[in-house]
Amino acid sequence: MKILVGIKRVVDFNVRVRVKPDGSGVDLDGAKMSINPFDEIALEEALRLREAGKATEVIVVSIGTTACQQQLRTGLAMGADRAIQVDTEEKLQPLAAARTFLALVEKEQPGLVILGKQAIDDDNSQTGQMLAALWDRPQATFASEVVVDDQVARVTREVDAGLETIEIDLPAVITSDLRLNEPRFVKLPDIMKAKRKPLEVIPLTDLAIANDNKLTIDHYAPPATREKGIMVDSAEALVAELKNRGLL
Amino acid sequence: MSNILIIAEHNGSELSNSTAKCVSCAIETGGSVHILVLAADATVIAEQAAALNGVDEVISINHPNYSHALAATLAPEIAAIGADYSHVYGPSSTYGRDLMPRVAALLGVNQVADIMAVKGPRSFQRPVYAGNAIIDVSVAEENTVVATIRLASWAAVSGGNNATVSSRETSAEMPTHSRFIGLKTEGGDLPDLQSAKRVISGGRGLGSEENFKIIYTLASKLGAGVGASRAAVDAGYVPNDMQVGQTGKIISPDLYMAFGISGAIQHITGIKDAGTIVAINKDAEAPIFEVADIGLVGDLFSVIPEIEAAL
């Protein structure tokens, strides 16, 4: 069984993102870029499934410019067998990203597609669910545990009410939550080895996907800030203040 | 004029408060407001939906396969019914975030995630980059608006209405490739974190699972829900579903009290819509004090008994 893993190049989660004064976007000049953290977890899970003998090949896929080859190389260094860069200058919205993955799914015929539950840049949390819908296959989103057994996966999902377990027939789409695993660190010899692993570049235009029905995004603003608060010097003063404000 | 379909969230017997919040957003959007209830037995839930002020009609469909909310099972029916509407709204809970993108894809559109404000019938504001930026998003006239509603941004509408309820049969084909196995809930008798008016949270400063008990005790005295920082969850003091923050629950209680929580950005993301934030920390430099409305520098283990004595 092949596993397809999507990895998105995003601003590193440690970077404090600021909106540009003209509202045209966020200022990412010179910012450190990384694999979306949830996607790194998705890749780790795929690698573990391969190491447990449940999968034979792990393919990492990224959609974007040549710059995202950097993240694909990191994925290969973590242990993926090969990489595909779908080359485009455009930042695809979730529906077009899902259609792109579907085109690759039809080509590669994977038993599982594992994606991060959301990207930390646009926070959409849509691509995995959309791929499952277009593919007409099961989805197990926000996964914190994955057990694959032959043609079935048993997935524990982090839902508001607690932990939900579902069973899905393969092929299927799984999206990873934070606690699914802790991704491995890349070692230097693996980085050297990754340079020799295959990385295929497919122009987005070759996949002939429809890229319509886009949302229009036309202004970025900084979030509202809270007013400066007060300090109290004792528990009694705190309780008095809360009673005063009608909160207790 | 818009006609808006809201997908009800429920636990099989009771309508979730999140649906009443979606109604608020639908009223702000403007147009007729319908609620769709899909359940094994939708009767009581549909009545609760019909009681929400601002709702014009409730559509209910019973089917044994709807006894658990599996997106793959629900989405085809919602897409079939939703095709006749200009807007299809669901809550931005794990239920809605799982389901609505699947519905959107079946309708061939992108979804608007986490609406925090309505700027026009097809134009909205939503957060990106963990709330560090707010963007304006609009949907083309020819596309259905499929969206999730950011629960912390909207108040629930009140009850007292008596909208028409109509029952229907399922029309779309249901897949059999996804099956519910079980749900494990934790937390016990305390109020639900997402709907509680007061929430008491503990962080790494608690030091152990055993010590966390004083948070539960204070919470039960105040009738409050209990939350935790990611640090406290990772340290194993409390279960996952109590985590408040960007990667946990985003909440907006009237009163939020943080004990021994330093205030990492990812935690602040989850609480910045709270009415009043109170921070108690022994480190006067802790970043939580930058967002707190009321701060107290002190050792939580002595402050909590003093608070209880002063109540």
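Every chain is numbered independently, its residues counted from 1 as its sequence is written. In the order they appear in the text, chains get letters beginning with A and ligands get numbers beginning with 1. Predicted model: local features are reported for residues with pLDDT of at least 70 only, side-chain atom pairs are reported and counted for 80 or more only, and whole-chain, interface and lining totals are derived from all residues. In computing side-chain values, all of the structure's heavy atoms are included and hydrogens and water are not.

J.: Any chance you could explain the sheet that holds strand β8 (residues 152-159) of chain A here in plain terms?
T.: Within a sheet, neighbouring strands are paired by backbone hydrogen bonds and run either parallel or antiparallel to one another. In this analysis, strands are considered paired if DSSP registers two or more bridges between them. Strands here mean DSSP runs of E at least two residues long; helices mean DSSP runs of H or I at least four residues long; both are numbered from the N terminus. The strand order β11(A)-β5(A)-β4(A)-β1(A)-β6(A)-β10(A)-β7(A)-β8(A)-β9(A)-β11(B) describes an open sheet built from 10 strands, whose pairing is mixed. At either margin of the open sheet sits one strand with a lone partner, and together these are β11 (199-203) of chain A together with β11 (178-184) of chain B. The sheet shows a mean angle of 30 degrees between the axes of neighbouring strands, direction not considered. Sheet analysis places strand β7 (residues 139-149) of chain A next to strand β10 (residues 172-176) of chain A, joined by 3 bridges and oriented parallel. The residue of β10(A) that forms the bridge with A:A143 is A:S176. Sheet strands touched by helix α1 (residues 37-51) of chain A: β1 (2-6), β4 (57-64), β6 (112-116), β7 and β10 of chain A. Its angle to β6(A), the strand with the most contacts, is close to 150 degrees. Orientation is described by axes fitted as lines to C-alpha atoms, over the contacting stretch for helices, and by angles from 0 to 180 degrees between their N-to-C directions. For this analysis, residues touch if any pair of their heavy atoms sits within 4.5 Å.

J.: In this structure, what is going on with the domain arrangement of chain B? I would like to understand it.
T.: Note: interface size is frequently given as the accessible area lost on complex formation between the parts. Residue and element names in this part refer to chain B. Start and end positions for the domains come from either an automated domain assignment or a database one. Taken domain by domain, chain B consists of domain 1 (3-168) and domain 2 (198-310). Facing the 4 residues of domain 1 at the interface are 7 residues of domain 2. A quick way to say it: buried area is the sum, across both parts, of accessible area lost when two parts are put together, with a 1.4 Å probe. Carbon and sulfur atoms make up 41% of the surface buried where domain 1 meets domain 2, a total of about 500 Å² over both sides. Broken down residue by residue, the surface that domain 1 buries against domain 2 is led by A130, R150 and A152, which jointly contribute 78%. The working definition used for a salt bridge is a side-chain nitrogen of Lys or Arg within 4 Å of a carboxyl oxygen of Asp or Glu. Taken together, domain 1 and domain 2 are joined by 1 salt bridge. A salt bridge links R150 to D273; the shortest N-O distance between them is 2.8 Å. A 3.5 Å cut-off defines polar contacts: any pair of N or O atoms within that distance qualifies, except that in protein one atom must be a possible hydrogen donor and the other a possible acceptor, and neighbouring residues in sequence count only when both atoms are side-chain atoms. Put simply, domain 1 and domain 2 have 3 residue pairs in polar contact (both at pLDDT 80 or more) between them. Gly counts as polar in this scheme, as do all residues outside two lists: the nonpolar Ala, Val, Leu, Ile, Met, Phe, Trp, Tyr, Cys and Pro, and the charged Asp, Glu, Lys and Arg. Split by residue class, the side of domain 1 that touches domain 2 holds 2 nonpolar, 1 polar and 1 charged.

J.: In this structure, what is going on with the environment of A:D212? I would like to understand it.
T.: Locating A:D212 in the fold gives a position in the loop between α6 (204-207) and β12 (216-221). Not counting residues up to four positions away in its chain, the partners in contact with A:D212 are A:R99 and B:N110.

J.: Can you walk me through empty space enclosed by the protein in this structure?
T.: Using protein atoms alone on a 1 Å grid, points that fit a 1.4 Å probe yet trap it form a cavity, whereas open point sets bounded by protein on both sides within 12 Å along at least five of seven lines form a pocket; residues with an atom within 4 Å of a point count as lining. Grid points are joined across faces, edges and corners, and a volume is the space filled by probe spheres set on the points. One pass over the structure, following the stated rule, counts 1 cavity of 30 Å³ or more. Considering only enclosed or pocket space, the largest cavity measures out at about 40 Å³ in volume. Taken together, A:Q139, A:R157, A:I166, B:L70, B:A71, B:A72, B:D98 and B:S178 make up the lining of the largest cavity. Of the residues that constitute the lining of the largest cavity, the class distribution is 4 nonpolar, 2 polar and 2 charged.

J.: Looking at this structure, how should I read the packing of helix α3 (residues 94-108) of chain A against helix α4 (residues 127-135) of chain A?
T.: Residue and element names in this part refer to chain A. Two elements in contact, α3 and α4, have axes separated by 8 Å at closest approach and are oriented at 55 degrees. Taken together, the axes of α3 and α4 are oblique relative to one another. The crossing of α3 and α4 is right-handed. Packed against α3, whose contacting residues are P94, L95, A97, A98, R99, F101, L102 and V105, the element α4 presents T127, M130, L131, L134 and W135 at the interface. Across the contact of α3 with α4, the residue classes break down as 11 nonpolar, 1 polar and 1 charged. For this classification, under 35 degrees means roughly parallel, over 145 means roughly antiparallel, 65 to 115 means roughly perpendicular, and everything else is oblique. Put simply, a crossing is left-handed when the front helix is turned counterclockwise from the back one by less than a right angle, and right-handed when it is turned clockwise.

J.: I'm lost on the packing of aromatic side chains in this one. Help?
T.: The geometry of two aromatic rings is summed up by the distance between their centres and the angle between their planes. Only Phe, Tyr and Trp rings are paired, with Trp represented by its six-membered ring, and only when their centres lie within 6.5 Å; those with planes under 30 degrees apart are stacked, over 60 edge-to-face, the remainder tilted. According to the stated counting rule, one finds 1 aromatic pair over all chains in the structure shown. Whether a charge lies above a ring is judged from NZ of Lys or CZ of Arg, which has to be within 6 Å of the ring centre and within 35 degrees of the ring normal. A cation over a ring is seen here: B:R97 above A:F142, with NZ or CZ 5.2 Å from the ring centre.

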